[in-house]
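An overview of the molecular structure
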Amino acid sequence: MLATTLARHKAKPRTYIGCMKSGPVLADKNLKYHEPEAWKFGEDGNKYFRHATGQIYAISKDLATYISINQPILHKYANEDVSLGSWFIGLEVNHIDERNMCCGTPPDCEWKGQAGNICVASFDWSCSGICKSVERLKDVHARCGEGDSSVWSDLI
């Protein structure tokens, strides 16, 4: 599914693909995704600009080149997904909200798959990945994956 999703957007310039969101800026130092520079985003309770959530996203080669060239002067926030989104503000970038990159673990991804909407990736929002991944990964793959043969039969 990842290869198919990326292939759909391959010819588009300056492309940023992912599960786009605009969540709250967390100023509380006790929270996991605390933003030390929260003051830059305005008043308490403000939200981040639209950006792809950090579990999975993709950028086109021209955007990767832009980042590589400008890396020394690009500001890095506490969270890499916020940093990436910030680097594209002010640029002519095609933001693509790819909903198949917004899947939770079972039963969410399982229901979407049964409806014909196979997920690129699955994750638990509460722990930014798959909670207890060592114990659960095989089950998530069995219930939500495309099957072992699809990995080897699809080429980009």
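Thresholds applied
Residues numbered from 1 in each chain as written. Predicted model: local features only at pLDDT ≥ 70, side-chain atom pairs only at ≥ 80, totals over all residues. Heavy atoms only, no water. Salt bridge = Lys/Arg side-chain N within 4 Å of Asp/Glu carboxyl O. Helix = DSSP H or I, 4+ residues; strand = E, 2+ residues; numbered from the N terminus. Buried < 20%, exposed > 50% of the residue type's maximum accessible area, 1.4 Å probe, protein only. Domains from an automatic or database assignment. Contact = heavy atoms within 4.5 Å. Buried area = accessible area lost by both parts, 1.4 Å probe. Polar contact = N/O pair within 3.5 Å; in protein donor to acceptor, adjacent residues only side chain to side chain. Nonpolar A, V, L, I, M, F, W, Y, C, P; charged D, E, K, R; others polar.

For the structure on display, the rule yields seven salt bridges. Two residues, R143 and D139, come together in a salt bridge whose shortest N-O distance is 3.3 Å. With R143 and D139 both in helix α5 (residues 133-144), this residue pair falls four residues apart, about one helical turn. Among the residues examined, R143 registers a relative accessible area of 36% and is labelled partly exposed.

As assigned here, the protein comprises domain 1 (1-97) and domain 2 (103-154). Relative placement of domain 1 and domain 2: their C-alpha centres are 23 Å apart. Of the residues lining the interface, nine residues belong to domain 1; the matching set on domain 2 comes to 10 residues. Regarding the contact of domain 1 and domain 2, the summed buried area is about 840 Å², with carbon and sulfur atoms giving 66% of it. Three residues, M1, Q55 and I56, lead the burial of domain 1 against domain 2; their summed loss comes to 58% of the area buried on that side. Where domain 1 meets domain 2, there are zero salt bridges. Inspection of the domain 1/domain 2 interface yields zero residue pairs in polar contact (both at pLDDT 80 or more). Mapped by element, the contributors of at least two residues to the side of domain 1 that touches domain 2 are α1 (2-9) and β2 (51-59). Element by element, the count of residues in the side of domain 1 that touches domain 2 is highest for β2, at three residues. Looking at the side of domain 1 that touches domain 2, its residues break down into five nonpolar, three polar and one charged.

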